[in-house]
Amino acid sequence: ISAFASYNNSLGSLGLSYTLQKNYDAPSSQFVTLNYDKSLFQNLTVNISSILDLKDRENTGFLVSLNWSFGGKLNASAFSNHFNDNSFTALALRKDPPLGNGYGYQIIGSTNNSPNLQGDFDYRGSYGIFNGKYSRFSNTNNYQLETSGALVLFNHDLFATRPVEQSFGVVQVP
């Protein structure tokens, strides 16, 4: 069961929600959240959120974030949250990849008990999607490379393309 109410005016947007979740094999949970958003300038937004667990009053937290949009698909964020006895602060820079050919990336630096870093780079080309990831958490480095694509045989011709999820069509333009 979930209920949500919000109010918007020139001072910002205020939202209040209630959620009751009954689980078959786990205790039920009951939460109240309060959220405030305000655009400070054309490209800068502040968000303040809090959550209260009605079943366990010690299970509470809050989040404060600033989000900047630099136009196009480039965004930066700074946020800090505190949940129970854990605090977390991070800076992030993200460029969304286009639907067509092009690239995107995300870089996140954060502090918890130790400094952490995460980077992600995507390239979307005509013949596939390529992704490289790097992360450093708790003094451990992790690397990951992924690629995906498809070879399509159609009418005795072989085509290299991005992944084919369900179906496709080949169009010949005169």
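The preceding data block contains the structure.
In this report, the structure presented in the accompanying data block is examined. (Residues numbered from 1 in each chain as written. Predicted model: local features only at pLDDT ≥ 70, side-chain atom pairs only at ≥ 80, totals over all residues. Heavy atoms only, no water.)

So, the overall build of the protein
Turning to step 1, where the next piece is worked out: Along the protein, the regular secondary structure elements total 0 helices and 13 strands.
Turning to step 2, where the next piece is worked out: When the helices and strands of the protein are listed from N to C terminus, the series reads β-β-β-β-β-β-β-β-β-β-β-β-β.
Turning to step 3, where the next piece is worked out: Over its C-alpha trace the protein gives a radius of gyration of 22 Å, far above what one expects of a compact globule, namely 16 Å for 174 residues.
Turning to step 4, where the next piece is worked out: Here the C-alpha coordinates of the protein stretch approximately 65 × 45 × 40 Å along the principal axes.
Turning to step 5, where the next piece is worked out: By the burial criterion, 21% of the 174 residues in the protein qualify as buried.
Turning to step 6, where the next piece is worked out: Summed over all atoms, the accessible surface of the protein reaches about 12,700 Å², with 57% contributed by carbon and sulfur.
Turning to step 7, where the next piece is worked out: Both charge centroids of the protein, one from 11 positive and one from 12 negative side chains, sit 6 Å from each other. (Helix = DSSP H or I, 4+ residues; strand = E, 2+ residues; numbered from the N terminus. Rg over C-alpha atoms; globule rule 2.2 N^0.38 Å. Buried < 20%, exposed > 50% of the residue type's maximum accessible area, 1.4 Å probe, protein only. Areas by Shrake-Rupley, 256 points an atom, 1.4 Å probe, with all protein chains shown as cover. Lys, Arg positive; Asp, Glu negative; His and termini not counted. Charge placed at Lys NZ, Arg CZ, Asp CG, Glu CD.)

A look at the pairing of strand β7 (residues 86-95)
Turning to step 1, where the next piece is worked out: Here strand β6 (residues 74-83) pairs with β7 via 10 bridges, running antiparallel. Looking at β7, one finds that His-82 is bridged to Ser-87.
Turning to step 2, where the next piece is worked out: Between β6 and β7, which pair antiparallel one after the other, the connecting turn spans 2 residues, and Asn-84 there sits at a positive phi close to 55 degrees.
Turning to step 3, where the next piece is worked out: Bridge count for β7 against strand β8 (residues 102-111) is 7 bridges, and the pairing is antiparallel. Bridged to Leu-91 within β8 is Gly-109.
Turning to step 4, where the next piece is worked out: The hairpin formed by β7 and β8 contains 6 residues between the paired strands. (Pairing = 2+ DSSP bridges.)

Observations regarding the side chain of Ser-77
Turning to step 1, where the next piece is worked out: Note that Ser-77 resides in strand β6.
Turning to step 2, where the next piece is worked out: Side chain to side chain, Ser-77 and Asn-67 meet in a polar contact 2.9 Å long.
Turning to step 3, where the next piece is worked out: Contact partners of Ser-77, with chain neighbours within four places excluded, come to Leu-66, Asn-67, Trp-68, Ala-90, Leu-91 and Ala-92. (Polar contact = N/O pair within 3.5 Å; in protein donor to acceptor, adjacent residues only side chain to side chain. Contact = heavy atoms within 4.5 Å.)

Quick word on the sheet that holds strand β9 (residues 115-125)
Turning to step 1, where the next piece is worked out: The 11 strands are arranged β1-β2-β3-β4-β5-β6-β7-β8-β9-β10-β11 in an open sheet whose pairing can be described as antiparallel. Each having just a single partner strand, β1 (2-9) and β11 (140-148) make up the two edges of the open sheet. Within the sheet, the average angular offset between the axes of one strand and its neighbour, ignoring direction, is 10 degrees.
Turning to step 2, where the next piece is worked out: Inspection of the sheet shows strand β2 (residues 12-21) paired to strand β3 (residues 29-41) by 9 bridges, in the antiparallel sense. (Axes fitted to C-alpha atoms, helices over the stretch in contact; angles between N-to-C directions.)

Some thoughts on the environment of Gly-119
Turning to step 1, where the next piece is worked out: In this fold, Gly-119 is placed in strand β9.
Turning to step 2, where the next piece is worked out: Considering only alpha carbons, one finds Gly-119 and Gln-106, 13 residues apart in sequence, at a separation of 5.7 Å.
Turning to step 3, where the next piece is worked out: Gly-119 has contacts with Gln-106, Ile-107, Gly-132, Lys-133 and Tyr-134, leaving out every residue within four places of it along the chain.

Spatial relationships are all this shows, so hold off on functional conclusions.
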